[in-house]
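# Fold and geometry: a report
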Number of protein chains: 2
Amino acid sequence: MRVIFNEELKAVADDLDRMAQGVRKSIRGAGDALLKQDVEAAQTVIDGDIELDALEESVVDQCVKLLAKQNPVATDLRVVVSTMRLATTFERMGDLAKHVAETARRAYPASALPEGAKETFQQMQDFLDETSDDVVSMLADRDAKTAERIIANDDKLDALHHKTFEFALDESEEISRQQLIDVVLLGRFLERLGDHAVSAARRVVFIVSGFDPSKEPSRDEEGSIE
Amino acid sequence: MRVIFNEELKAVADDLDRMAQGVRKSIRGAGDALLKQDVEAAQTVIDGDIELDALEESVVDQCVKLLAKQNPVATDLRVVVSTMRLATTFERMGDLAKHVAETARRAYPASALPEGAKETFQQMQDFLDETSDDVVSMLADRDAKTAERIIANDDKLDALHHKTFEFALDESEEISRQQLIDVVLLGRFLERLGDHAVSAARRVVFIVSGFDPSKEPSRDEEGSIE
């Protein structure tokens, strides 16, 4: 029984790792779409989202089957429940990356971003690229240290998000209404990507230590409107 | 065993009903804050959000205990897993209502909404008030018909959301950048509230019928940037 459980848990953990890698790929592709007007990257992110959706479905199904057949308790149960919730978080991150890619595609061949906002968005993107590396490795290694770094770092993304509002409010920036709308929503999407990474990190800490560092994993507590 | 399971499941179902009622209250309060500049209502929504957070935590904890002790299978298992996921959806709806309330409070005593946008937001609010009634009753009655109505109606909210972008893009509307930012984000928050109601409805259909009408419950598929 135990051997079967471990084998089945391994299979679902592999799918979850695959989701994290897929999210990383989507985040990078969305960044290329947004910051380099790479419309092919945009299309790849948009088309690839159904794979993440299918993986989420598969992970949840496998977890439900594990619960039914193996009746895990204690740590094993915590792992299975957290795995389901992580899959949902990753699926949502894929949606957000897709929204970024769609915005970039709509603006193509122009950039969705006005010149004056590009530097801030590049910094947000760099942050998220690094975070998505961390997400992949914390998950592969069940590494609470990396997870805690993701949680601690989130302030930096919030500060950058704040700068996108400062830009949007700056009357000296001559930008169209469409550009202003895009800056506001793109900023929101990237900030939410960071929030979800934090949520995922908290779940990994919970798996590893049994301690939930927040009990509030899905929240975006920072006042998101400035 | 069966009796204990049913009693414990009833207790968690009651907490979930309480969450749905709390969400309804938050949505109405957010609407009063936004459309009537009712700053006390705003504060009540903001302060009340921790209750929804605590209820989510409690529901998930109870479900994990049920899984550990009772090893539910088939329909019972589906109910327990869906209950956990519904709690997370409701918690998120509370966050979104809180964001709306925070925006209204920040603009007080002025309205966060420019005159020309009020009618559309009133219609979105009316829609969400009705939807939140439907969410409460579909949950209390495990009523797939009401759930299906929520799913079918979502197009109406998307169309209203689209109108908020038309407003924001209309150069003849003389509005400040802050107002434009608020219109865009408030529209997004209300649209997401509707998406989560649809997600909740799909989970209820799944509980009742065992058939998942989408397998894609958390998605906001409509291109959210116009």
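What you see is a predicted model, and the numbers here were worked out from it, not measured in a lab.

### Observations concerning the overall build of chain A
- If you tally the helices and strands in chain A, you get 6 helices and 0 strands.
- Along chain A, helices (α) and strands (β) appear in the sequence α-α-α-α-α-α when read from the amino end.
- Radius of gyration (C-alpha) of chain A: 19 Å, near the 17 Å computed for a compact globule of 226 residues.
- Dimensions of chain A, computed from the C-alpha atoms along their principal axes, are close to 65 × 35 × 20 Å.
- Summarising the internal contacts of chain A: among those between residues at least 6 apart in sequence, 83% fall at separations of at least 24.
- Summing over all exposed atoms, chain A offers an accessible surface of approximately 8,900 Å²; the carbon and sulfur share of this is 50%.

### Section: the nonpolar core
- Among the nonpolar cores identified, the biggest contains 144 residues, and Phe-90 and Phe-121 of chain A together with Phe-90 and Phe-121 of chain B are the most heavily contacted of them.
- If sequence neighbours within four positions are ignored, Phe-90 of chain B has contacts with Leu-16, Met-19, Ala-20, Val-23, Val-135, Leu-139 and Ala-200 of chain B.

### Considerations on the interface of chain A and chain B
- Across the contact, 53 residues belong to chain A and 53 residues belong to chain B.
- Between chain A and chain B, the buried area comes to about 4,500 Å², and carbon and sulfur atoms account for 54% of it.
- Our enumeration of links across chain A and chain B arrives at 4 salt bridges.
- When the shortest N-O distance is used, the salt bridge between Glu-56 of chain A and Arg-85 of chain B registers 3.1 Å.
- In this assembly, chain A and chain B are joined by 10 residue pairs in polar contact (both at pLDDT 80 or more).
- Elements that contribute at least two residues to the side of chain A that touches chain B include exactly helix H2 (39-70), helix H3 (74-107), helix H5 (144-169) and helix H6 (177-209) of chain A.
- The dominant element in the side of chain A that touches chain B, judged by the number of residues it contributes, is H3 of chain A, at 13 residues.
- Among the residues forming the side of chain A that touches chain B, the class breakdown is 20 nonpolar, 8 polar and 25 charged.

### Focus: the packing of aromatic side chains
- Evaluated as defined, the whole model comprises 0 aromatic pairs over all chains.
- One residue, Arg-78 of chain A, lies across the ring of Phe-206 of chain A, its end atom 5.5 Å from the ring centre.

### Some words on empty space enclosed by the protein
- Applying the stated criterion across every chain, the model contains 3 cavities of 30 Å³ or more.
- Each pocket or cavity is described by its volume, and for the largest cavity that value is around 480 Å³.
- Along the wall of the largest cavity there are 28 residues; nearest its centre are Thr-88, Arg-92 and His-196 of chain A together with Thr-88 and His-196 of chain B.
- Elements with a minimum of two residues in the lining of the largest cavity: H3 and H6 of chain A together with helix H3 (74-107) and helix H6 (177-209) of chain B.
- Of the residues in the lining of the largest cavity, the class split is 8 nonpolar, 10 polar and 10 charged.
- By volume, the second largest cavity amounts to about 50 Å³.

### Regarding the pattern of salt bridges
- Tallied over the entire structure, the rule returns 32 salt bridges over all chains.
- In this structure, Arg-28 of chain B and Asp-133 of chain B form a salt bridge, with 2.8 Å as the shortest nitrogen-oxygen distance. Here the residue Arg-28 of chain B occupies a position in helix H1 (residues 2-35), and Asp-133 of chain B occupies one in helix H4 (residues 115-141), the gap between them amounting to 105 residues.
- The exposure class of Arg-28 of chain B is partly exposed, given its relative accessible area of 32%.
- Residue Asp-133 of chain B is classed as partly exposed on the basis of its relative accessible area of 30%.
- One salt-bridge network, in which partners are shared between bridges, spans Arg-24, Arg-28, Asp-129 and Asp-133 of chain A.

### With respect to the packing of H6 of chain A against H6 of chain B
- Relative orientation of the contacting elements H6 of chain A and H6 of chain B amounts to 50 degrees, with a least axis distance of 10 Å. As summarised for this structure, H6 of chain A and H6 of chain B are arranged oblique, according to the angle between their axes. The hand of the H6 of chain A/H6 of chain B crossing is right-handed. Contacts between H6 of chain A and H6 of chain B involve Arg-177, Leu-180, Ile-181, Val-184, Leu-185, Arg-188 and Phe-189 of chain A from the first element and Arg-177, Leu-180, Ile-181, Val-184, Leu-185, Arg-188 and Phe-189 of chain B from the second.
- For the contact of H6 of chain A with H6 of chain B, a count of residues per class yields 10 nonpolar, no polar and 4 charged.

### Details of the packing of helix H4 (residues 115-141) of chain A against H6 of chain A
Residue and element names in this part refer to chain A.
- Interaxial distance between H4 and H6 falls to 10 Å at its minimum, and their mutual angle equals 20 degrees. When the axis of H4 is compared with that of H6, the two are roughly parallel. Judged by the sense of rotation from one axis to the other, the crossing of H4 with H6 is left-handed. On H6, the residues touching Ala-117, Phe-121, Met-124, Gln-125, Leu-128, Thr-131, Val-135, Met-138 and Leu-139 of H4 are Val-183, Leu-186, Gly-187, Leu-190, Glu-191, Leu-193, Gly-194, Ala-197, Ala-200, Ala-201 and Val-204.
- Looking at the contact of H4 with H6 residue by residue, the class counts come to 15 nonpolar, 4 polar and 1 charged.

### Considering the relation of the copies chain A and chain B
- Once turned by 180 degrees and shifted 0.0 Å along the axis, chain A lies on chain B with an RMSD of 0.0 Å. Taken together, the rotation and translation relating the two chain copies correspond to the operation of a two-fold axis. Across chain A, the rotation axis passes nearest the C-alpha of Asn-71 of chain A, at a separation of 2.8 Å.

### Structural notes on the UniProt feature "domain: PhoU" (unreviewed entry) in chain A
All names here are of chain A.
- Annotation from UniProt places "domain: PhoU" (unreviewed entry) at residues 16-103 and 122-204.
- Secondary structure across residues 16-103 comprises 94% helix and 0% strand; the distance between its end C-alpha atoms is 27 Å.
- In the segment residues 122-204, helix accounts for 89% and strand for 0%; the C-alpha atoms at its two ends are 28 Å apart.

How each quantity is defined
Residues numbered from 1 in each chain as written. Chains lettered and ligands numbered in written order. Predicted model: local features only at pLDDT ≥ 70, side-chain atom pairs only at ≥ 80, totals over all residues. Heavy atoms only, no water. Helix = DSSP H or I, 4+ residues; strand = E, 2+ residues; numbered from the N terminus. Rg over C-alpha atoms; globule rule 2.2 N^0.38 Å. Contact = heavy atoms within 4.5 Å. Areas by Shrake-Rupley, 256 points an atom, 1.4 Å probe, with all protein chains shown as cover. Core = buried A, V, L, I, M, F, W, Y, C linked by side-chain atoms within 4.5 Å. Buried < 20%, exposed > 50% of the residue type's maximum accessible area, 1.4 Å probe, protein only. Buried area = accessible area lost by both parts, 1.4 Å probe. Salt bridge = Lys/Arg side-chain N within 4 Å of Asp/Glu carboxyl O. Polar contact = N/O pair within 3.5 Å; in protein donor to acceptor, adjacent residues only side chain to side chain. Nonpolar A, V, L, I, M, F, W, Y, C, P; charged D, E, K, R; others polar. Phe/Tyr/Trp six-rings, centres within 6.5 Å; stacked < 30°, edge-to-face > 60°. Lys NZ or Arg CZ within 6 Å of the ring centre and 35° of its normal. 1 Å grid on protein atoms, 1.4 Å probe; cavity = no way out; pocket = protein on both sides within 12 Å on 5 of 7 lines; lining within 4 Å. Points joined across faces, edges and corners; volume = space filled by probe spheres on them. Axes fitted to C-alpha atoms, helices over the stretch in contact; angles between N-to-C directions. Parallel < 35°, antiparallel > 145°, perpendicular 65-115°, else oblique. Left-handed = near helix turned anticlockwise from the far one by under 90°. Least-squares fit on C-alpha atoms with pLDDT ≥ 70 in both. UniProt positions renumbered as here; feature names shortened; annotations may be inferred.

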